[in-house]
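A closer look at the structure
Each chain, letter by letter, is given below.
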Amino acid sequence: MQKWVGVDVPDFKVDSKPADHMGPFIMNAEGVGRLFAPLALLADGPFPEHYEPVESPIDNPLHPKQTHNPVAKRFTSADDKYGSPKDGYNIVCTTYRLTEHYHYWTKNNPMNVQLVPEPFVEIPAELANDMGIRGGETVKVSSARGHYVAKAMVTKRIKPMTIDGKKVYQIGLPIHWGYRGIAEDENKTAKTLANSLSPAVIDPNAFTPEFKGFLVKLERV
Amino acid sequence: MSDHADQILPHGRVLRYAFAERANHWIAAFSYIYLLLTGLAFWSPWLFWIAVALGGGQISRMLHPWAGLFFFYAVLRMYGYWAPQMRTTEVDKQWWNSLRHYVRNEDEQMPPAGRYNAGQKALFWSFFYAAIVLLLTGVVLWFPEWIPWNLRWLRYLSVLLHPVAALFTIANFLIHIYMSVFAERGAFGSVIRGDVSLEFAKRYHPGWYEEIVGKPAPRK
Amino acid sequence: MSQATLRIQKISGHAGSIPGEGAQRQSAVAKLIDTTTCIGCKACEVACVEWNDMPFSPTEFNNTYQTMPETRWNYWNLILFSEREKEDGSLMWLMRKNQCMHCAEPGCLEACPSDGAIVQYTNGIVDFQQDKCIGCGYCITGCPFNIPKFNKETKRVYKCTLCVDRVGEGLEPACIKSCPTGCLHFGSKDDMRVLAEQRAEQLRTHFNFPDAGVYDPPGVGGTGVIYVLHDAKQPDLYGGLPKDPRIPLSVRLWKGPLKWLGNLAMVGGVIGLFVHYLRFGPKERNVELKEPHEGAEP
């Protein structure tokens with residue numbers, strides 16, 4: 001017998017097929033639930049929809065023919081290039097912040113620098129094994145737009161993902177280092193910026209850039 | 001100065017220790033006294049005031065290992081001077097059997113000891129090996145911050161063996177001082193001016209007397 | 001001055017009795033560290049450095065979020081990070097705040113030969129008095145937790161003071177004040193034990209941590225810093241927390257039986273030799289001098 005399942009306990013006939021239009025939402029005339037969306041507010045609306053980031057290892061599972069957001073703002077300078085798995089960019093990359101640093105000014109503060117002195121790239125242990133990378137070794141992360149050089153942090157905390165049947169690795173970069181700073185001025189870092197990797201693609205509603213998911217390739221230096 | 005051509009000197013005396021040996025002995029002696037005093041201060045809270053009196057706890061801790069190096073150097077020189085004469089002989093076995101007589105000062109009942117009697121040989125080796133243990137454990141205790149956590153057994157061993165070896169040297173020291181200052185008259189002079197009387201040699205080291213003079217010592 | 005001396009119950013390298021011993025109503029304090037709610041934010045590390053005005057020292061990347069491999073003379077509080085893979089394949093990122101445990105029976109104090117260099121206050125805090133420290137490092141050997149750290153320039157040892165200067169004024173330690181998740185608690189040892197046991201029970205009953213428990217090792221008489229661990233049966237997973245810490249055997253032998261034997265032997269030896277001299281005198285007393293020469297010695 002097929003039945004309605006979920007967290008709630010249904011208060012209607014639990015094996016009523018959808019085609020039977022049982023109408024459980026008894027307070028609505030049409031008997032079905034309603035979704036509201038302000039018509040003018042979402043540039044890619046009316047309803048929110050899943051789109052893959054502009055660089056993705058897969059096609060959109062919901063509708064492969066429209067993988068990306070059609071109204072995401074893309075800049076058109078010569079640097080605004082995009083990569084894909086067939087160009088060799090087969091590792092997902094994300095950027096994030098650390099507790100020990102704040103944006104780009106704590107790299108100038110001795111206490112913060114003492115806590116985390118150097119930039120690093122967090123790499124899953126399995127990927128590091130495959131590529132023969134050991135923790136502490138210098139690696140180079142490249143995207144279609146730029147490159148980033150830092151030491152590898154090999155960790156079991158990041159596990160490989162299976163996305164649409166494919167094994168996909170993810171690596172992560174803290175953002176907090178740049179051209180100047182305590183470590184930079186002592187030439188202890190490569191002075192590369194995390195956001196030279198990420199794409200300048202802007203969410204059409206919130207205008208936030210797509211810094212959190214893009215494709216890169218990884219190599220030892 | 002371990003050659004057996006011990007010089008006969010005027011007025012019935014013979015040279016037992018040359019200048020180099022005597023000087024070396026006093027390097028050992030003074031450094032040992034400093035080690036003993038500061039060591040006892042570290043050993044017991046009741047005696048910690050000794051370190052305070054000798055320049056303070058920090059200074060004593062700082063100088064104790066250096067004095068130890070001086071002491072060990074002197075002990076090594078002594079090994080060079082005397083070790084060949086400190087080998088065990090047949091006479092030594094008999095000497096230990098007659099220990100009761102020795103303690104009771106019945107020296108005429110003792111078998112004829114050579115340049116060194118069995119007790120002195122035992123003291124020599126005891127000091128020598130204890131000094132090695134003290135040096136090795138002492139180096140660990142000198143730089144404890146250089147021994148990492150995973151080698152801490154070295155520190156555990158040293159912290160116990162160092163005082164144990166030190167106690168051995170203290171036992172030796174007490175006997176040595178007693179014998180050389182109080183019990184055997186003439187012995188102290190041997191390490192200051194170097195010479196002893198032929199009577200002294202005859203009485204306490206008949207074997208050595210025979211080597212010097214060429215004929216056996218008359219038995220009393 | 002008398003107020004200060006009465007608040008000390010144990011003194012290292014001290015002969016005789018201690019004026020503050022048993023002279024105060026016991027009110028041991030304790031720091032409770034709940035490792036199950038620690039997020040490894042290091043606010044406590046920063047608070048300790050800032051409160052104690054400690055100079056910065058260089059650190060380097062070592063494939064971990066951990067600030068440095070161990071505490072230093074100028075870094076008394078350190079979060080130790082370790083990744084634990086469980087049998088079911090899941091991963092736990094364990095974080096333990098590491099600092100002096102303020103043992104009730106401190107190995108450092110036991111081993112220290114210098115009078116007054118290490119004291120234990122009546123509230124249980126163990127404090128180094130660097131002006132009396134002689135820099136021998138015996139405390140490093142006495143400690144089962146690898147805490148005291150030596151400074152090569154000053155030749156003294158340093159460690160967490162449990163903010164005795166703050167506690168003395170009725171404030172909580174700086175680390176406790178800074179913790180954003182509330183995983184650090186401070187109060188009387190009894191209260192902290194109750195709190196810890198409650199939390200451990202909650203973990204066992206509701207959070208599927210059947211081995212959760214409180215770490216308060218009896219081998220050192222209990223500690224002024226106690227932990228709630230997800231897995232109290234394997235404390236070594238938490239950055240090498242020793243399972244059954246005790247003062248090392250060689251230190252206990254040295255300060256116990258060897259002290260007695262040694263003192264007995266030394267005093268006995270001196271007395272024995274003196275008695276021997278009284279009884280037997282020097283060796284040549286019975287000898288009649290033959291052919292005495294002028295200036296010759298017997």
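None of the values given here were measured: they were computed from a predicted structure.

Side note on the overall build of chain B
Of the regular secondary structure elements, chain B holds ten helices and three strands. Sequence-ordered secondary structure for chain B, helices as α and strands as β, is β-β-α-α-α-α-α-α-α-α-β-α-α. Summarising its shape, the C-alpha atoms of chain B cover approximately 65 × 35 × 30 Å along the three principal directions. Across the 220 residues in chain B, those meeting the buried criterion constitute 35%. Considering only intrachain contacts with a sequence separation of at least 6, the fraction spanning at least 24 residues in chain B is 62%.

A word on helix α10 (residues 206–213) of chain B
Residue and element names in this part refer to chain B. What α10 keeps buried is the set Pro206, Trp208, Tyr209 and Ile212. Relative to the axis of α10, the buried residues are bounded by an arc of 155 degrees and lie together on one face. Check the buried side of α10 and you find it contacts β1 (8–9), β2 (13–15) and α9 (198–204). Looking one or two residues past α10, Gly214 carries a phi angle of roughly 95 degrees, positive in sign.

Points about the interface of chain C and chain A
Each partner contributes residues to the interface: chain C has 16 residues there, and chain A has 17 residues. By residue class, the composition of the side of chain C that touches chain A is seven nonpolar, four polar and five charged.

A look at the interface of chain B and chain C
In this assembly, 37 residues from chain B lie in contact with 41 residues from chain C. Going through the elements one at a time, α3 (57–82), α7 (152–183) and α9 of chain B are the ones with two or more residues in the side of chain B that touches chain C. Counting residues per element, the side of chain B that touches chain C draws most heavily on α7(B), which supplies 14 residues. Taken together, the residues that form the side of chain B that touches chain C break down as 19 nonpolar, eight polar and ten charged.

Details of the sheet that holds β2(B)
The pairing of strands in a sheet comes from backbone hydrogen bonds and takes either a parallel or an antiparallel form. Residue and element names in this part refer to chain B. Strands sit in the order β1-β2-β3 across an open sheet of three strands; the sheet is antiparallel. Of all strands in the sheet, those bounded by a partner on one side alone are β1 and β3 (195–197). Bridge count for β2 against β3 is three bridges, and the pairing is antiparallel. Looking at the pairing, Arg13 lines up with Ser197 of β3.

Some words on the packing of helix α1 (residues 19–43) of chain B against α3(B)
All names here are of chain B. Relative orientation of the contacting elements α1 and α3 amounts to 145 degrees, with a least axis distance of 8 Å. Considering the relative orientation of α1 and α3, their crossing is left-handed. Every residue of α3 that contacts α1 at Glu21, Asn24, Ile27, Ala28, Ser31, Tyr32, Tyr34, Leu35, Thr38, Gly39 and Ala41 is listed here: Ser60, His64, Ala67, Gly68, Phe70, Phe71, Ala74, Val75, Arg77, Met78 and Tyr81. Each residue belonging to the contact of α1 with α3 can be placed in one class, and the counts come to 13 nonpolar, seven polar and two charged.

Quick notes on the sheet that holds strand β6 (residues 126–128) of chain C
All names here are of chain C. One open sheet accounts for three strands, arranged β1-β5-β6; its pairing is antiparallel. Whereas interior strands pair on both sides, the edge strands pair on one side only; in this sheet they are β1 (8–11) and β6. Sheet twist, expressed as the mean angle between neighbouring strand axes with direction ignored, is 30 degrees. Here β1 pairs with strand β5 (residues 118–121) via three bridges, running antiparallel.

So, the nonpolar core
Counting 80 residues, the largest nonpolar core has C:Cys108, C:Cys112, C:Ile118, C:Cys139, C:Cys175 and C:Ile226 as its most contacted members. Here the element with the most residues in this core is helix α2 (residues 43–51) of chain C; it accounts for six residues. With sequence-adjacent residues up to four places away left out, C:Cys112 is seen in contact with C:Ser12, C:Gly13, C:Ala117, C:Ile118, C:Tyr138 and C:Cys139. Within the second largest apolar cluster, 26 residues are counted, among which are A:Ala128, A:Val139, A:Ala150 and A:Ala194.

Let's talk about unusual backbone geometry
Despite not being glycine, A:Asp164 has its phi angle at roughly 55 degrees, a positive value. Mapping A:Asp164 onto the fold places it in the loop between β6 (161–163) and β7 (166–168). The class for A:Asp164 is exposed, based on 12 C-beta atoms found within 10 Å. Its identity is not glycine, yet C:Leu162 carries a phi of approximately 50 degrees, on the positive side.

As for the arrangement of the chains
Ranking the two pairs of chains in contact by number of contacts places chains B and C first. Spatially, chain A and chain B are disjoint, and the shortest separation between their C-alpha atoms is 22 Å.

Details of the pairing of strand β3 (residues 78–85) of chain C
Relative to strand β4 (residues 91–98) of chain C, β3(C) runs antiparallel, the two being bridged by eight bridges. Opposite C:Ser82, over in β4(C), you have C:Leu94 as the bridge partner.

Calculation notes
Residues numbered from 1 in each chain as written. Chains lettered and ligands numbered in written order. Predicted model: local features only at pLDDT ≥ 70, side-chain atom pairs only at ≥ 80, totals over all residues. Helix = DSSP H or I, 4+ residues; strand = E, 2+ residues; numbered from the N terminus. Buried ≥ 20, exposed ≤ 12 C-beta atoms within 10 Å, placed from the backbone. Contact = placed C-beta atoms within 7 Å. Arc of directions from axis to C-beta. Nonpolar A, V, L, I, M, F, W, Y, C, P; charged D, E, K, R; others polar. Pairing = 2+ DSSP bridges. Axes fitted to C-alpha atoms, helices over the stretch in contact; angles between N-to-C directions. Left-handed = near helix turned anticlockwise from the far one by under 90°. Core = buried A, V, L, I, M, F, W, Y, C linked by C-beta atoms within 7 Å.

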